[in-house]
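# Remarks on the overall topology
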Amino acid sequence: MNGLLFQLPKTVTKSNLKQAMQQAIEIEIATIPVYLYTYYSIIRVPDQSGIEAQILTDMKATQKGKKNKKTDAQLQEAATQLALDIMVFANKAGALIMSVAVEEMLHMSLSSNIKNALKPPYGGIPELVGKTPKVWPAYLPGHIPGFPINRGKLNKEQLHAFLLIESPLPFTGGEEKGNAIEYTTIGQYYDMIIKCVSDDLKDSDFDGDAPQLVPGKGYYAQNNIDTVYYDKDHKAQFPNDEHSGGLIHVKGKKSAIHAMHEIIEQGEGASFEISIDGKKDKIVGDHLTPTGEVVCPLFPLGSGMTNPLDYDDHGAEHELSHFDKFLEVYCTIERKNHELNTFLNTKNFDFTKYFVRDLPTNPSTSNYPKAIQDVSNLTNAIYTYIFVMAEACYKTAGHKQYEIFMFGIHKSMIWLLDNLCGTMAKLSYTDSHGEKQAVAATLEDYDFAPSSSPKSQIIDLAGIAMASSSIVSQGLLDRIKDLPDVPLEAYLVENNKGIL
């Protein structure tokens, strides 16, 4: 897509609603590799004794030559406490970011449900394959302002980009990229689609029997093993509340609008303005300014270090919106580093280095050595196959759809992609200059050849990777062989209903 996350129409009308829904789908797809890449940079369970020893060494080094330096006992106590804090925060930060990635996959499915339920000429089969950005950094065309989005490790710069993506309020600054409709938030874009559906369509413009990913079949779970973390009291915490939303069967205008409101609320959450006696007033806790800057007060208002309106639902069990999950991670880093630099009388002590891998920014498979290229190609092929299988789910229904999703997509995400991405993030190689370089899963679209099925090509890639690297095991190959065999173009479609 030439470095652009999505191309937007000038306005959303009946004549371009099909295009607008496809662009909405691509918005959701484009965030997935970005959030996953950052997730795999986090060491969620560090070696506590190892990082404590390194923290103490580094703290002692900061005190050399200082007149009023801290005592060894003070530094030891601080190092012990920081190591404990990291054990909780690293796990929590990873869980929060993965919980957003899970909901972005849900949003892709909700938008796809809407597009497939819309009768021609307003809708059709969602296009999910080959929609990952091809050039990085990528931009949101039409967004005022434009800003670069990278596949990068966890740090404040990366989190700032996440906050701009999910921002509930417009901001200024940056640069313009792309020639498209001028909009200020993704929520505003969905609002334009909602207005078109509400004003211009009838329920008869929808086909509720078209294949969709619907609730009640176990397709979506709010949490998985990677979204759970444990607090300082060792109690399990689940970032995605079971009542915050899920799959919606789109049958008409009401359910389509409901699905889009769910996407907006989970992503952007509540407004950062409140009305008091008819007058608007700002919440003075953590927030993004009108110029796109992040503000993290050292003593924020609100219960539990959050704003009263941070949540994307209003029930007894609150769940933070995507924006506020990222804001919590960002401001925790900001406050902890401020606390440490004040204690040590330093300026640049950053505690994230003890649990974040120094992954490259926007890596490409072609830049890796041959052995790592082989593993990367396999990883990218499995990543792409997830979208191949997801698209197939909108071309068939019933048992075949269930088999593809439960034995294909679930297995690929949980067992295969997670295993390979996590393992690749631990690798390194020595470049031609003798410098050690970190490795990460590039999460690029793999270009399957039309001559054979994607599954057969993945099996071949696994064999090549096994010959090049010990990280691809026979057990992993056996799991690949158990995947359903979904061809790229083998699903015949008649009247927008799967007939396989």
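Details of the structure are given in the entry above.
Overview of the structure. (Residues numbered from 1 in each chain as written. Predicted model: local features only at pLDDT ≥ 70, side-chain atom pairs only at ≥ 80, totals over all residues. Heavy atoms only, no water.)

## Comments concerning the overall build of the protein chain
What counts, and what does not: Strands here mean DSSP runs of E at least two residues long; helices mean DSSP runs of H or I at least four residues long; both are numbered from the N terminus. Only protein chains enter the area calculation, which uses a 1.4 Å probe; residues under 20% of their type maximum are buried, those over 50% are exposed, and those in between are partly exposed. Whether two residues touch is decided by their heavy atoms; if any such pair falls within 4.5 Å, the residues are in contact. Reported accessibility uses the Shrake-Rupley method at a 1.4 Å probe radius. Residues are deemed covered only where the shown protein chains occlude them.
When its secondary structure is counted, the protein chain shows 11 helices and 10 strands. Out of the 500 residues in the protein chain, the part that is buried amounts to 55%. For the protein chain, the proportion of contacts with a sequence separation of at least 24, taken over those separated by at least 6, is 77%. Here the protein chain displays about 21,900 Å² of accessible surface, and carbon together with sulfur accounts for 52% of that area.

## What about empty space enclosed by the protein?
Worth spelling out the cut-off: Grid points spaced at 1 Å over the protein atoms alone were grouped into cavities, where a 1.4 Å probe fits but cannot get out, and pockets, open sets with protein on both sides within 12 Å along at least five of seven lines, with lining residues defined by an atom within 4 Å of a point. Grid points are joined across faces, edges and corners, and a volume is the space filled by probe spheres set on the points.
All chains considered together, the criterion is met by three cavities of 30 Å³ or more. As for the largest cavity, its lining consists of 15 residues, of which E28, E166, I186, I263 and G267 are closest to the centre. Contributions of two or more residues to the lining of the largest cavity are made by α1 (17-39), α3 (72-117), α4 (156-166), α5 (186-200) and α6 (253-268). With four residues, the top contributor of residues to the lining of the largest cavity is α6.

## Observations regarding the packing of aromatic side chains
As a reminder of what qualifies: Aromatic pairs are defined between Phe, Tyr and Trp rings, using the six-membered ring for Trp, whenever the two ring centres lie within 6.5 Å; interplanar angles under 30 degrees are classed as stacked, those over 60 as edge-to-face, and all others as tilted. The criterion is that NZ of a Lys, or CZ of an Arg, lies within 6 Å of the ring centre and within 35 degrees of the ring normal, and then a charge sits over that ring.
This model, assessed by the stated rule, comprises 15 aromatic pairs. Pairing F89 with F355 gives two aromatic rings, centres 5.8 Å apart and planes at 85 degrees, and the pair type is edge-to-face. You can see F89 sitting in helix α3 and its partner F355 sitting in the loop between α7 (322-344) and α8 (370-392), a full 266 residues away along the chain. Here F89 and F355 have matching classes, each one buried. Taken together, a centroid distance of 5.6 Å and an interplanar angle of 50 degrees make the contact between F351 and F355 tilted. Each member of the pair, F351 as well as F355, is classed as buried. Cluster of aromatic residues (ring-pair linked, three or more members): Y219, Y402, F405 and F407. The lysine or arginine in question, K353, covers the ring of F349, its NZ or CZ lying 5.4 Å from the ring centre.

## Details of α1
Note the following rule: By this rule the span expected of a helix is its residue count minus one, scaled by 1.5 Å.
Helix length check: α1 (23 residues) gives 34 Å between terminal C-alpha atoms against 33 Å at 1.5 Å per residue, within 8%. Summarising burial for α1: 21 of the 23 residues are buried, a large majority.

## A short note on the pattern of salt bridges
Counted only if it meets this: One side-chain nitrogen of Lys or Arg within 4 Å of one carboxyl oxygen of Asp or Glu is enough to make a salt bridge.
Applying the stated criterion across every chain, the model contains 13 salt bridges. The shortest N-O distance in the salt bridge between K153 and D358 comes to 2.8 Å. With K153 in the loop between α3 and α4 and D358 in the loop between α7 and α8, this pair connects stretches of sequence that are 205 residues apart. Relative accessible area serves as the criterion here: at 25%, K153 is assigned to the partly exposed category. Residue K400 is joined to E403 by a salt bridge in which the shortest nitrogen-to-oxygen separation is 3.5 Å. Here K400 and its partner E403 are both found in helix α9 (residues 398-424), three residues apart, which amounts to about one turn of the helix.

## Re the packing of helix α2 (residues 48-62) against α3
Definition in use: For helices, the fitted axis covers only the stretch in contact; all axes are lines through C-alpha atoms, and the angles between them, taken along N-to-C directions, range from 0 to 180 degrees. Should an angle fall under 35 degrees it is called roughly parallel, over 145 degrees roughly antiparallel, and 65 to 115 degrees roughly perpendicular, with every other angle called oblique. Left-handed describes a crossing in which the near helix is turned anticlockwise from the far one by less than a right angle; the clockwise case is right-handed. In this classification, Asp, Glu, Lys and Arg are treated as charged, Ala, Val, Leu, Ile, Met, Phe, Trp, Tyr, Cys and Pro as nonpolar, and every other residue, Gly included, as polar.
Interhelical geometry of α2 versus α3 gives an angle of 140 degrees and a closest axis separation of 8 Å. By the angle between their directions, the pair α2 and α3 is classed as oblique. For the pair α2 and α3, the sense of crossing is right-handed. Across the interface between the two elements, Q48, I51, E52, I55, L56, M59 and K60 from α2 touch D72, L75, Q76, A78, A79, T80, L82, A83, L84, I86 and M87 from α3. The residue makeup of the contact of α2 with α3, split by class, is 12 nonpolar, three polar and three charged.

## Details of the environment of P170
If you trace the backbone, P170 turns up in the loop between α4 and α5. We classify P170 as partly exposed; its relative accessible area is 46%. Put simply, P170 and T184 are 14 residues apart on the chain and 5.0 Å apart in space, counted from C-alpha to C-alpha. Setting aside anything within four residues of it in sequence, one finds P170 in contact with T184, T185 and P290.

## Some points on the layout of surface pockets
The criterion, for reference: Domain delimitation in this document rests on an assignment produced automatically or drawn from a domain database.
Estimated volume of the second largest pocket: approximately 620 Å³. Along its surface, the second largest pocket is lined by 30 residues, and V102, M105, N224, M413 and I414 are the ones closest to its centre. Looking at the lining of the second largest pocket, the elements that each hand over two or more residues are α1, α3, α8 and α9. Among the elements that take part in the lining of the second largest pocket, α9 stands out by supplying eight residues, more than any other. Within the lining of the second largest pocket, the residues separate by chemical class into 24 nonpolar, four polar and two charged. Both domains that furnish three or more residues to the lining of the second largest pocket are identified here as domain 1 (14-359) and domain 2 (363-500).

## Looking at the nonpolar core
Put simply, the rule reads: Residues belong to a common nonpolar core when they are buried Ala, Val, Leu, Ile, Met, Phe, Trp, Tyr or Cys residues joined through side-chain atoms within 4.5 Å.
Formed by 136 residues in total, the largest nonpolar core has its most connected members in M59, I193 and L378. Composition of this core by domain shows at least three residues from each of domain 1 (14-359) and domain 2 (363-500). With sequence-adjacent residues up to four places away left out, I193 is seen in contact with V12, L17, A20, M21, A24 and M260.

## Structural notes on the state of the cysteines
Rules: When two cysteine sulfur atoms lie within 2.5 Å, the pair is treated as a disulfide.
Here the structure, examined in full by the defined rule, presents one disulfide. Each sulfur in the disulfide pair C296 and C331 lies 2.0 Å from the other. Across the disulfide from C296 to C331, rotation about the S-S bond amounts to roughly -75 degrees, and the bridge is consequently left-handed. Pair noted here: C296 is in the loop between β6 (294-295) and α7 and C331 is in helix α7, with a separation of 35 residues, a long-range link.

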